[in-house]
Amino acid sequence: MSDAARLIARLKRLSWEKVRRRARRTVYHFAEDRIYRVPVEEALEFDEVPEFRFDSWDDLQTYVAGPGESREALLTLWRGRLDAGEHVYTRTENGCLAIYGWMIERQSSCFLTDVRQRMEVPDAPAVTYDFFTAPEFRHRDFYPQLLMHSLRHTAAHVPGIRWIYMCVRADDTVPRWWVERLGAHYCESYFYRRVLWREEKWRG
Amino acid sequence: MEKSGTMNPTEQRLQAVFREFFNDDAIELQDGTTFSDIRGWDSLAHVNLINALEVEFGLKFGVRELMKMKSVGAIRQVLMAKASAA
């Protein structure tokens, strides 16, 4: 296929809604990352869910890539995380990876990609991040189950931590609702705003 | 859950919330009604529906109750249990 034909095929796939969203994002973009934390003693009150597995490479390998995704690239990323000492909670259904979520035992700083800022956290707490539910397994409450399970498991198995931190995008309505309903304590937000080429970053 | 004529007041209010929330007066709730039976009942709608139920019934659901509320029957049972405990 020639470059021109490829371009035409790509333009045909674009809906007006997508064009409008992309144009708007070119002119204006705003993001807020909200930071929450749960004290270990509160996390220990949640229930563990036996269907979830810990650090299961076998489970990760059952991931079915979505359109435009590279399964190999993801598996390489995940292998690297496990080799670096990070941990993963997984659940499979019918031989497919239904949901996963990652945890780092001790983290003193991390880069928040959405808002392009580095966050420093005191006392090197555990951090949970990158939770994902495969589309065909949504609406089954796997997310809140994993959230509670991972908090409880982390609190019970990582020695010496006082807090478990997590970050949720403000416009990620459902995860944010569950995090807040679980009683996670809101700490602060990190913001990013771009109008044309002018960027602003702040926290508060 | 019984047909509309024989519903108790809690069930009637529950059905009214569903009808208003999903903008569909034809909704007839059954205990077995779940996400897949009502158009638009996805996870975002679900959290907003829970918020609407809390406003309508003037209560707050706990996490363990929220985890159970996956069908109309389960929602009804949680509501009845909270009503009788109040």
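One structure accompanies this document, and this report is about it. (Residues numbered from 1 in each chain as written. Chains lettered and ligands numbered in written order. Predicted model: local features only at pLDDT ≥ 70, side-chain atom pairs only at ≥ 80, totals over all residues.)

## Quick notes on the interface of chain A and chain B
Our working rule: Here, residues touch in the contact sense if the C-beta positions derived from the backbone fall within 7 Å of one another. Elements are defined by DSSP. Helices are runs of H or I of four residues or more, strands are runs of E of two residues or more, and each kind is numbered from the N terminus. In this classification, the charged set is Asp, Glu, Lys and Arg, the nonpolar set is Ala, Val, Leu, Ile, Met, Phe, Trp, Tyr, Cys and Pro, and all remaining amino acids, among them Gly, are polar.
With nine residues of chain A at the interface, the matching set in chain B holds nine residues. The biggest single contributor to the side of chain A that touches chain B is helix H7 (residues 173-181) of chain A, with four residues. Within the side of chain A that touches chain B, the residues separate by chemical class into four nonpolar, two polar and three charged.

## Overview of the sheet that holds strand S8 (residues 163-169) of chain A
Residues and elements named next belong to chain A. Test applied: In this scheme, strands are said to pair when DSSP sees at least two bridges between them. Interaxial angle, 0 to 180 degrees, is taken between N-to-C directions of lines fitted to C-alpha atoms, where a helix line uses only the stretch in contact.
Strand order in the open sheet formed by eight strands is S2-S3-S4-S7-S8-S1-S9-S10, and the pairing between neighbours is mixed. The sheet terminates laterally at strand S2 (53-54) and strand S10 (198-203), the two strands that pair on one side only. Where strand S4 (residues 96-104) meets strand S7 (residues 126-133), five bridges bridge the pair, whose relative direction is antiparallel. By the bridge assignment for S7, Met103 is matched with Thr128. With respect to the sheet, helix H6 (residues 142-157) is in contact with strand S1 (28-39), S2, strand S3 (87-93), S4, S7 and S8, its orientation differing from that of S4 by roughly 40°.

## Brief notes about H7(A)
Cut-off, in case you're wondering: Whether a residue is buried, exposed or partly exposed is read from the other C-beta atoms within 10 Å of its own C-beta, which are placed from the backbone; 20 or more gives buried, 12 or fewer gives exposed, and intermediate counts give partly exposed.
Of the residues making up H7(A), those classed as buried are Val174(A), Trp177(A), Trp178(A) and Val179(A). Structurally, H7(A) contributes buried residues whose contacts are with S1, H6 and S8 of chain A together with helix H2 (43-57) of chain B. A positive phi of about 90° marks Gly183(A), the residue just after H7(A).

## Considering the environment of Glu120(A)
Residues and elements named next belong to chain A. When you line up the elements, Glu120 lands in strand S6 (residues 117-120). A tally of 8 C-beta atoms within 10 Å means that Glu120 is categorised as exposed. Distance in space between the C-alpha atoms of Glu120 and His185 is 17 Å, their sequence separation being 65 residues. With near-sequence residues (within four places) excluded, Glu120 lies in contact with Ser108 and Ser109.

## Side note on the packing of helix H1 (residues 9-21) of chain B against helix H4 (residues 72-85) of chain B
Residues and elements named next belong to chain B. To be explicit about the condition: For classification, angles of less than 35 degrees are called roughly parallel, those exceeding 145 degrees roughly antiparallel, those between 65 and 115 degrees roughly perpendicular, and all remaining angles oblique. By convention, the crossing between two helices is left-handed when the near helix turns anticlockwise from the far helix through less than a right angle, and right-handed when the turn is clockwise.
As a packed pair, H1 and H4 sit with axes 11 Å apart at the nearest point and diverge in direction by 130°. Taken together, the axes of H1 and H4 are oblique relative to one another. Note on packing geometry: the crossing formed by H1 with H4 is right-handed. Only Ile75, Arg76, Leu79, Met80 and Ala83 of H4 make contact with H1, whose side of the interface consists of Thr10, Glu11 and Leu14. Residue composition of the contact of H1 with H4, grouped by class: five nonpolar, one polar and two charged.

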